[in-house]
There are 2 protein chains.
Amino acid sequence: MPTSPLDRFTAIIPAGGVGSRLWPLSRADAPKFLHDLTGSGQTLLRDTWERLVPLAGEDRIMVVTGRAHRAAVEAQLPALTDANIVLESEPRDSTAAIGLAAAILERREPGVVIGSFAADHVISGDELFQRAVKDAVAAADAGYIATIGITPTEPAVGFGYIHCGEVVDVPGAHEVQAVRSFVEKPDLATAKRYLDDGDYLWNAGMFIARADRLLEEIARTKPELHAGLVELAEAWDDPSTRGPAVDRIWPKLEKIAIDYSVAEPAAAEGRLAVVRGHFQWDDVGDFASLAKLNQAGRSGELAILGEHARVLADQASGIVVSRSKRVISLIGVQDIVVVDTPDALLVTTSEHAQRVKAVVDALRLGGSSDVL
Amino acid sequence: MPTSPLDRFTAIIPAGGVGSRLWPLSRADAPKFLHDLTGSGQTLLRDTWERLVPLAGEDRIMVVTGRAHRAAVEAQLPALTDANIVLESEPRDSTAAIGLAAAILERREPGVVIGSFAADHVISGDELFQRAVKDAVAAADAGYIATIGITPTEPAVGFGYIHCGEVVDVPGAHEVQAVRSFVEKPDLATAKRYLDDGDYLWNAGMFIARADRLLEEIARTKPELHAGLVELAEAWDDPSTRGPAVDRIWPKLEKIAIDYSVAEPAAAEGRLAVVRGHFQWDDVGDFASLAKLNQAGRSGELAILGEHARVLADQASGIVVSRSKRVISLIGVQDIVVVDTPDALLVTTSEHAQRVKAVVDALRLGGSSDVL
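Residues numbered from 1 in each chain as written. Chains lettered and ligands numbered in written order. Predicted model: local features only at pLDDT ≥ 70, side-chain atom pairs only at ≥ 80, totals over all residues. Heavy atoms only, no water.

Looking up chain A in an unreviewed UniProt entry gives the name NTP transferase domain-containing protein, with the organism given as Agromyces archimandritae.

Shown next as structure tokens:
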């Protein structure tokens, strides 16, 4: 009896990226995925894990993260075994992170289907998510590099888009389409056109593929990087060889996002398929997005994040993130963003939320790394 | 040889009033007069003292303040003797505070000329200030209740105005006029008219009079209050009688501003004179005023108050008051007011600065007195 493709599925959670646009909430030592941004009571990483357990099982979720975050990640995910944690000595971007996990898993279990899901996105609608992943796994099993595109609910300018092509027939899956192309973040007029068109989906950065197929794509576009990943994977499961291999190979791997090394080239060759996801998704890229997420859809409201927040607001809207015990008073400020932490305070507006990253860069250059 | 009126002059500094509109900078235990609001490096109280020393001498300045502030006041004014400090067991407004000081001083030295100057105003132009006080002392010596009105430099809506009448001939004084009336804070159109008119001056709350004349005015409008003040003054300089008299009388004294008990009635009777003050004056009533004061007249600038402030601003204007060691980042906020203290944070705008008091009231009612 042939096993179901889902039985061969292993989830990968790349847990990297500080989330600079969420400074001073996100920090080098407390990156975005270690925060509760939804008031759920648990971190985004834990949310991601729990979302994937029903699909992959606790033993088949691999986390790729920085060495510095090992303890925090393990505290969040007690069921995560040593075999399923890949520690990066330094960040080398997503092709290296996901590619290494894929190479390790392929070596352990040839024919494995992997799916990569960011540790710091917010998703609701678990059943719809599961349905989309199952369809994507079916498409992956059929040989495609599969992604999940989110059906847009508004003309968002903060996301990239996936332009869908013809419907693809994949046994056991619904709503699979070829990908014509990936499109960068559009302006508002273009985003409106995409929304009306119906064939443009938000790129949620989810990739599902047979590990061997994914590695083939990397081999085709980035042969040196591929060689390094395979060599690393071969040394990985032997404690005597892993360390030296990591020291020798990892720092030299090319830093490139998987979108550019795999997704876009595969789309151009007609080997990329997209499944329509009807669940709610947000990458919570900045405080404007975080405000919206926590205003429960009501504009003009003040969202308050923080377990023991003491906020007094008088004609104020926007978001307050309270990570200190201080009383916070807001008077007559609209679409404001106030992030209050013990050593750093940010005051801006939704409109300027994207510029937080530039300020973080300025603080770094200005010698204020103590608060980054 | 008759002594000069200035030889009979004693300055009174009522150092009361929290300055609620400057919360959370001003607190019950750190009222406005104990802050450096100008970057001068010393408190407003100390500034006030130093401004009066050349006129009255260190031995002839009396400070009226709350019991809770005794230590702080004495630390600011080491030359202040016990005889020259009047401690209030609770606030009873300015007629009681200034009236008691006047009654004590009159009893010690009949015919004394007193002048009352708030502890928490900002003044620059010391010579012009001294000239105005000397003129006011001369007018007081001639029997007037004298005040100093500030020549307006703009159509301010945050101050009360003094409507000047006929020129009054006072030997040895220039620019003394009768006061027609006191006018409450005007709207902008009215303020513009006042500015153009030239006969309207800002009411800076300075009153200069012979103590006996001042007490006569209180006796006329508030006989019970006057009786209480005289009884208190008689008991004051005997350590065995002061305490019981304070306990018995002070809590029952009517709370009324000296503007209403003395200034307005005296003006109506033609007994109030005003001297034109050409010095710069500000009562720093709220953060909008504080911002303006510290922006050095350049609008669109960000004023930063705080000795060790770490502020990173990107397209921001207004004022930041830093009383913590935190990094403060402002991005794209105009006319903003950010006041950062260890236990409370305020974010508002210049436009809403007057409403800070309402928020303080709300915090009190809401059980957050710990931060007031």
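There is more to say after this.
Residues and elements named next belong to chain A. For the structure on display, the rule yields 15 aromatic pairs over all chains. Relative to Trp-202, the ring of Phe-159 lies with its centre 4.9 Å away and its plane at 65°, an arrangement referred to as edge-to-face. Placement of Phe-159 in the loop between strand E6 (145-150) and strand E7 (161-167) and of Trp-202 in strand E9 (residues 200-210) is noted, with a sequence separation of 43 residues between them. We classify Phe-159 as buried; its relative accessible area is 10%. Relative to Trp-281, the ring of Phe-159 has its centre 4.7 Å away and its plane inclined at 55°; by these criteria the two rings are tilted. (Phe/Tyr/Trp six-rings, centres within 6.5 Å; stacked < 30°, edge-to-face > 60°. Helix = DSSP H or I, 4+ residues; strand = E, 2+ residues; numbered from the N terminus. Buried < 20%, exposed > 50% of the residue type's maximum accessible area, 1.4 Å probe, protein only.)

On to the pairing of strand E14 (residues 318-322) of chain A. Residues and elements named next belong to chain A. Extensive coverage of E14 is indicated by the burial of five of its five residues. Alternating positions in E14 separate into two faces, Gly-318, Val-320 and Ser-322 on one and Ile-319 and Val-321 on the other, with burial throughout. Where strand E12 (residues 302-305) and E14 come together, four bridges link them in parallel fashion. Bridge pairing in E14 places Ala-303 opposite Ile-319. Inspection of the sheet shows E14 paired to strand E16 (residues 336-340) by five bridges, in the parallel sense. Following the sheet pairing, Val-321 is matched in E16 by Val-339. (Pairing = 2+ DSSP bridges.)

This part is about the relation of the copies chain B and chain A. Between chain B and chain A, the superposition needs a rotation of 179° and an axial shift of 0.0 Å, giving an RMSD of 0.1 Å. Taken together, the rotation and translation relating the two chain copies correspond to the operation of a two-fold axis. Relative to the rotation axis, the C-alpha of Val-347 of chain B is the closest in chain B, positioned 4.2 Å from it. When you check the interface residues of chain B against chain A, 100% turn up at the interface there too, and the contact is symmetric in its surfaces. (Least-squares fit on C-alpha atoms with pLDDT ≥ 70 in both. Contact = heavy atoms within 4.5 Å.)

All chains considered together, the criterion is met by 50 salt bridges over all chains. When the shortest N-O distance is used, the salt bridge between Arg-92 of chain A and Glu-90 of chain A registers 2.9 Å. Accessibility expressed as a relative area gives 12% for Arg-92 of chain A, which makes it buried. Looking at Glu-90 of chain A, the relative accessible area reads 31%, which means it is partly exposed. Arg-70 of chain B is paired through a salt bridge with Glu-74 of chain B; the nearest N and O atoms lie 3.0 Å apart. (Salt bridge = Lys/Arg side-chain N within 4 Å of Asp/Glu carboxyl O.)

Reports of interface size often rely on the accessible area that becomes lost once the parts have come together. Every contact between the two is made by 34 residues of chain B and, on the other side, 34 residues of chain A. Here chain B and chain A share an interface that buries about 2,800 Å² over both sides, 58% of which is from carbon and sulfur atoms. Contact with chain A buries area across many residues of chain B, yet Arg-326, Ile-331 and Leu-345 of chain B alone supply 24% of it, more than any other trio. Inspection of the chain B/chain A interface yields six salt bridges. Between Arg-326 of chain B and Asp-340 of chain A there is a salt bridge whose closest N-O contact spans 2.7 Å. Remark: the boundary between chain B and chain A carries 26 residue pairs in polar contact (both at pLDDT 80 or more). (Buried area = accessible area lost by both parts, 1.4 Å probe. Polar contact = N/O pair within 3.5 Å; in protein donor to acceptor, adjacent residues only side chain to side chain.)

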